[in-house]
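Examination of the molecular architecture
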Amino acid sequence: MSIVREMTCILCPLGCHLKVTLEEEQVVNVEGNSCPKGEAYAKEECTHPIRTLTTTMRVMGGEIPVISVKTSNPIPKNLLYEAMNEVNSVQVKAPIHIGDILIENLLGTDSHIVATRDCDKNK
Amino acid sequence: MMYKELVIIGGGPAGLGAAVEAYDRGIRDILIIERDRELGGILQQCIHNGFGLHVFKEELTGPEYAWRYMDMVKKREISYQLNTMVVDMTEDRCVTAISKEHGLVTYKCGAIVLAMGCRERTRGALNIPGTRPAGIYTAGTAQRFVNMDGYLPGKKVVILGSGDIGLIMARRMTLEGAKVEMVCEIMDHSNGLQRNIVQCLEDFDIPLLFNHTVIDIQGSRRVEGVTIAQVDENLQPIKGSERQVPCDTLLLSVGLIPENELSRQAGVILDNKTRGVQVNKGKESSREGIFACGNVVKVHDLVDNVTKESKVAGKSAAEYILSRKVEAVCL
C-alpha cells in the first residue's frame with residue numbers, strides 16, 4: 001500500500017515542497033524538488049532523519065566567553081539533545097582557529113564538533 | 001581634520017564587501033569604522049547555517065561567512081577601527097567618530113559607503129500594555145546574549161513574531177534547555193523561510209499560532225506571564241479569545257529598521273515606508289559621493305544578496321573617487 005508524505009526540504013533556503021511516495025516504508029518516488037539533493041533529503045528524512053547542529057562551547061582563557069561551533073556532518077535528529085549535553089559539558093582552551101576539531105566523533109558518529117570562528121587568547 | 005579617500009561606516013558583510021571591491025579597483029586610503037569589538041556585524045551572532053550558498057556554493061554558518069570577508073580585508077591590509085562609533089555625518093562628507101583609543105576625530109571623506117545595518121523594533125514601539133518587568137528582549141538581543149555572551153536569558157519563553165529571527169531563537173533557546181511555549185504570529189502566515197518552520201518549530205513540537213498577538217504582560221520584577229489573543233482581519237484582538245500564558249521571558253521578533261540616524265543628519269533621502277537609504281542602480285544615495293548597501297538600504301533575507309550589493313557600492317565609490325582624481329589632474 002503506498003502512502004504519500006508531504007514535507008519541506010530544509011537543505012537550502014528555497015525550501016521546496018516535496019511529495020514523497022512510500023511503499024512498505026521505502027521511498028519509491030520524490031516530486032517537487034528543484035535539485036537532486038532534495039531527492040536524497042526526502043529518502044533520508046523518511047528513514048533516518050539527520051540534522052546539522054550549530055551551537056556554542058565555553059572557552060577558557062579566550063577573548064570571548066563562548067565560541068560558535070557546528071557538527072562537521074549532520075547527525076541523527078534523535079541525538080540532538082544528547083549532543084547538546086556533550087558539547088555543554090566540555091570547555092575548550094584558547095587560542096582556537098576556525099575549523100579546529102574540538103570534539104572528535106561526537107557520540108560515536110563520524111561527525112566532529114568544529115569551531116566556526118577564531119578565538120584569540122585573552123590579553 | 002584628516003582626509004580619508006574612502007570611509008566605510010559599518011564592518012559587517014556590507015561594509016567588508018564594499019571595502020574589498022573598492023580596494024580591488026585601486027583605492028588604497030580606506031578606513032572601515034566599526035562600533036563593535038570585532039568585524040563581521042550581525043553574522044557573528046548568527047551561528048546557524050544557510051549562508052553562502054550563492055556566493056561560495058557552500059553552506060556556511062554566519063561566523064564562517066564573516067571570517068571569509070574579514071580574511072579578505074586583512075590580506076589586503078585594509079585599515080579598520082573597532083569600538084569606534086560614528087556620531088555625525090554632514091552632507092559635504094565630514095564624518096566624526098568617537099572611541100576610547102582615538103577620542104573624537106573628524107574625517108573629510110572623498111567618498112562614504114553607508115553600511116550600518118538595521119536594528120530591531122522594540123516593545124515600546126509596539127505599545128504592548130502591562131508592567132515593565134525584566135525578561136522582555138528583542139530576539140536579536142537574546143541571540144547575542146546566548147551566542148556571544150554565554151547567557152541563557154530565560155527558561156520559559158513566549159515568542160512574538162514568526163520571522164526568521166524568532167524561529168531561529170525558538171530552536172536555540174530550546175536546545176539550550178529553555179521551554180519555548182509557543183510562537184505567536186499576528187498575520188495569517190509567516191514571512192520566515194519554510195525551512196525554518198520545519199527545523200526550528202516542527203522539529204521541537206513548538207506550536208505556531210497564526211492570527212495571534214500579545215496584548216498584556218504581567219510580572220513586577222520579572223515577567224510572570226503574558227496574555228495572548230486572537231486577532232481579526234483588522235489585527236484587532238477578538239474579545240473572549242484572551243488566554244494567559246505563564247512564562248518568564250518574552251522575545252520579540254517584530255521587524256527590523258534600517259539604522260539611519262547618520263543618514264538623516266547628512267540629509268540623505270530615505271524611503272518613506274522602509275526607512276532605508278534610497279539608492280540608484282549604482283547604490284549612490286541622494287547625496288553625491290555617499291553610497292549605501294546592505295540592510296541600511298533594505299532588510300535582506302540572504303547575506304549573499306548583501307554581498308552582491310556591496311560589490312556594486314564599492315565599485316561605484318571607487319569610480320567616483322577615481323573620476324574626481326582625473327578631474328583634479330586635468331584642472
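Remember, it's a predicted structure, so these values are computed and weren't measured experimentally. (Residues numbered from 1 in each chain as written. Chains lettered and ligands numbered in written order. Predicted model: local features only at pLDDT ≥ 70, side-chain atom pairs only at ≥ 80, totals over all residues. Heavy atoms only, no water.)

**Description of the overall build of chain A**
Of regular secondary structure, chain A possesses two helices and ten strands. Helices and strands in chain A line up, N terminus first, as β-β-β-α-β-β-β-β-α-β-β-β. Computed over C-alpha atoms, the radius of gyration of chain A comes to 18 Å, more than 25% over the 14 Å expected from 2.2 N^0.38 for 123 residues, which places it beyond the range of a compact globule. By principal-axis analysis of the C-alpha atoms, chain A measures approximately 65 × 25 × 15 Å. The buried share among the 123 residues of chain A stands at 44%. Counting only contacts in chain A whose residues sit at least 6 apart along the sequence, the fraction spanning at least 24 positions is 47%. By element, 49% of the accessible surface of chain A is carried by carbon and sulfur atoms, the whole surface being about 6600 Å². (Helix = DSSP H or I, 4+ residues; strand = E, 2+ residues; numbered from the N terminus. Rg over C-alpha atoms; globule rule 2.2 N^0.38 Å. Buried < 20%, exposed > 50% of the residue type's maximum accessible area, 1.4 Å probe, protein only. Contact = heavy atoms within 4.5 Å. Areas by Shrake-Rupley, 256 points an atom, 1.4 Å probe, with all protein chains shown as cover.)

**Considerations on helix H1 (residues 13–24) of chain B**
Residues and elements named next belong to chain B. Counted at 1.5 Å a residue, the expected span for H1 with its twelve residues is 16 Å, and the 16 Å between its end C-alpha atoms agrees. All buried positions along H1 are accounted for by Pro13, Ala14, Gly15, Leu16, Gly17, Ala18, Ala19, Val20, Glu21 and Ala22. Elements that come into contact with the buried residues of H1 comprise strand S1 (2–9), strand S2 (30–33), helix H2 (62–75), strand S8 (103–114) and helix H8 (303–330). Looking one or two places after H1, you find Gly26, whose phi comes out positive at around 110°. (Expected span 1.5 Å × (residues − 1).)

**Thoughts on empty space enclosed by the protein**
All names here are of chain B. Applying the stated rule across the entire model yields two cavities of 30 Å³ or more. The computed volume of the largest cavity comes to approximately 130 Å³. Counting residues per element, the ones that place at least two in the lining of the largest cavity are helix H4 (139–147) and helix H5 (164–175). Top element by residues in the lining of the largest cavity is H5. It accounts for four residues. Here the second largest cavity is characterised by a volume of approximately 40 Å³. (1 Å grid on protein atoms, 1.4 Å probe; cavity = no way out; pocket = protein on both sides within 12 Å on 5 of 7 lines; lining within 4 Å. Points joined across faces, edges and corners; volume = space filled by probe spheres on them.)

**A word on the nonpolar core**
Formed by 41 residues in total, the largest nonpolar core has its most connected members in Met57(A), Ile67(A), Ile96(A), Leu102(A), Ile113(A), Met173(B) and Leu251(B). Considering every element that reaches this core, the biggest residue donor is H5(B), with six residues. If you look at the next biggest cluster of nonpolar residues, it comprises 34 residues, including Val20(B), Ile32(B), Leu39(B) and Ala318(B). (Core = buried A, V, L, I, M, F, W, Y, C linked by side-chain atoms within 4.5 Å.)

**Section: the packing of H1(B) against H2(B)**
Residue and element names in this part refer to chain B. One can describe the packing of H1 onto H2 by two numbers: an axis separation of 9 Å at closest approach and a directional angle of 35°. Taken as a pair, H1 and H2 cross one another with a handedness that is left-handed. Only Ala66, Tyr69, Met70, Met72 and Val73 of H2 make contact with H1, whose side of the interface consists of Leu16, Gly17 and Val20. For the contact of H1 with H2, the per-class residue count stands at seven nonpolar, one polar and no charged. (Axes fitted to C-alpha atoms, helices over the stretch in contact; angles between N-to-C directions. Left-handed = near helix turned anticlockwise from the far one by under 90°. Nonpolar A, V, L, I, M, F, W, Y, C, P; charged D, E, K, R; others polar.)

**Regarding the interface of chain B and chain A**
Frequently, the measure chosen for interface size is the accessible area that the parts lose on association. Tallying the contact residues gives 31 residues for chain B and 26 residues for chain A. Roughly 2400 Å² of surface becomes buried between chain B and chain A when both sides are summed, with 56% attributable to carbon and sulfur atoms. For the interface between chain B and chain A, the tally reads four salt bridges. Across the salt bridge formed by Arg51(A) and Asp203(B), the nearest N and O atoms sit 2.5 Å from each other. There are twelve residue pairs in polar contact (both at pLDDT 80 or more) connecting chain B and chain A. Counting only elements with at least two residues in the side of chain B that touches chain A, the list comes to strand S3 (49–51), H2, H4, H5 and helix H6 (194–201) of chain B. (Buried area = accessible area lost by both parts, 1.4 Å probe. Salt bridge = Lys/Arg side-chain N within 4 Å of Asp/Glu carboxyl O. Polar contact = N/O pair within 3.5 Å; in protein donor to acceptor, adjacent residues only side chain to side chain.)

**Quick word on the pattern of salt bridges**
Residues and elements named next belong to chain B. One pass over the full model with this rule turns up 23 salt bridges over all chains. Residue Arg264 is joined to Glu261 by a salt bridge in which the shortest nitrogen-to-oxygen separation is 3.9 Å. Of this pair, Arg264 and Glu261 both sit in helix H7 (residues 261–265), separated by three residues, roughly a single helical turn. Residue classification places Arg264 among the partly exposed positions, given a relative accessible area of 44%.

**Points about the sheet that holds strand S1 (residues 2–8) of chain A**
Residues and elements named next belong to chain A. Taken together, the three strands give an open sheet; going across it, the order is S1-S2-S3, and neighbouring strands pair in antiparallel fashion. A strand with exactly one partner marks an edge of an open sheet, and here the two such strands are S1 and strand S3 (26–31). When strand polarity is set aside, the average angle formed by the axes of neighbouring strands in this sheet is 30°. Pairing of strand S2 (residues 17–23) with S3 involves five bridges; the strand directions are antiparallel. (Pairing = 2+ DSSP bridges.)

**Section: the layout of surface pockets**
Estimated volume of the second largest pocket: approximately 480 Å³. For the second largest pocket, the lining is made up of 23 residues, of which Leu11(A), Thr52(A), Pro74(A), Asn49(B) and Glu59(B) are closest to its centre. Among the secondary structure elements, those contributing two or more residues to the lining of the second largest pocket are helix H1 (36–47), strand S4 (50–51) and strand S6 (66–71) of chain A together with H6 of chain B. In terms of residue count, H1(A) provides more of the lining of the second largest pocket than any other element does, five residues in total. Class assignment for the residues of the lining of the second largest pocket results in seven nonpolar, seven polar and nine charged.

**Observations concerning H4(B)**
Looking at H4(B), one finds that the buried residues are Ala139(B), Gly140(B), Ala142(B), Gln143(B), Val146(B) and Asn147(B). What you see down the axis of H4(B) is that its buried residues fit within an arc of 155°, all on one side. Considering only its buried residues, H4(B) is in contact with strand S5 (54–60) and S6 of chain A together with strand S9 (118–120), strand S10 (136–138), H5 and strand S17 (249–252) of chain B. (Arc of directions from axis to C-beta.)

**Observations concerning the sheet that holds strand S15 (residues 225–230) of chain B**
Residue and element names in this part refer to chain B. Pairing is antiparallel across the open sheet formed by three strands, whose spatial order is S14-S15-S16. Pairing within the sheet leaves two strands with one partner each, and these edge strands are strand S14 (212–218) and strand S16 (243–246). Going across the sheet, the axis of each strand differs from the next one's by a mean of 30°, ignoring polarity. Pairing analysis gives six bridges linking S14 to S15, with the strands arranged antiparallel. If you follow Thr213 over to S15, its bridge partner there is Ala229.

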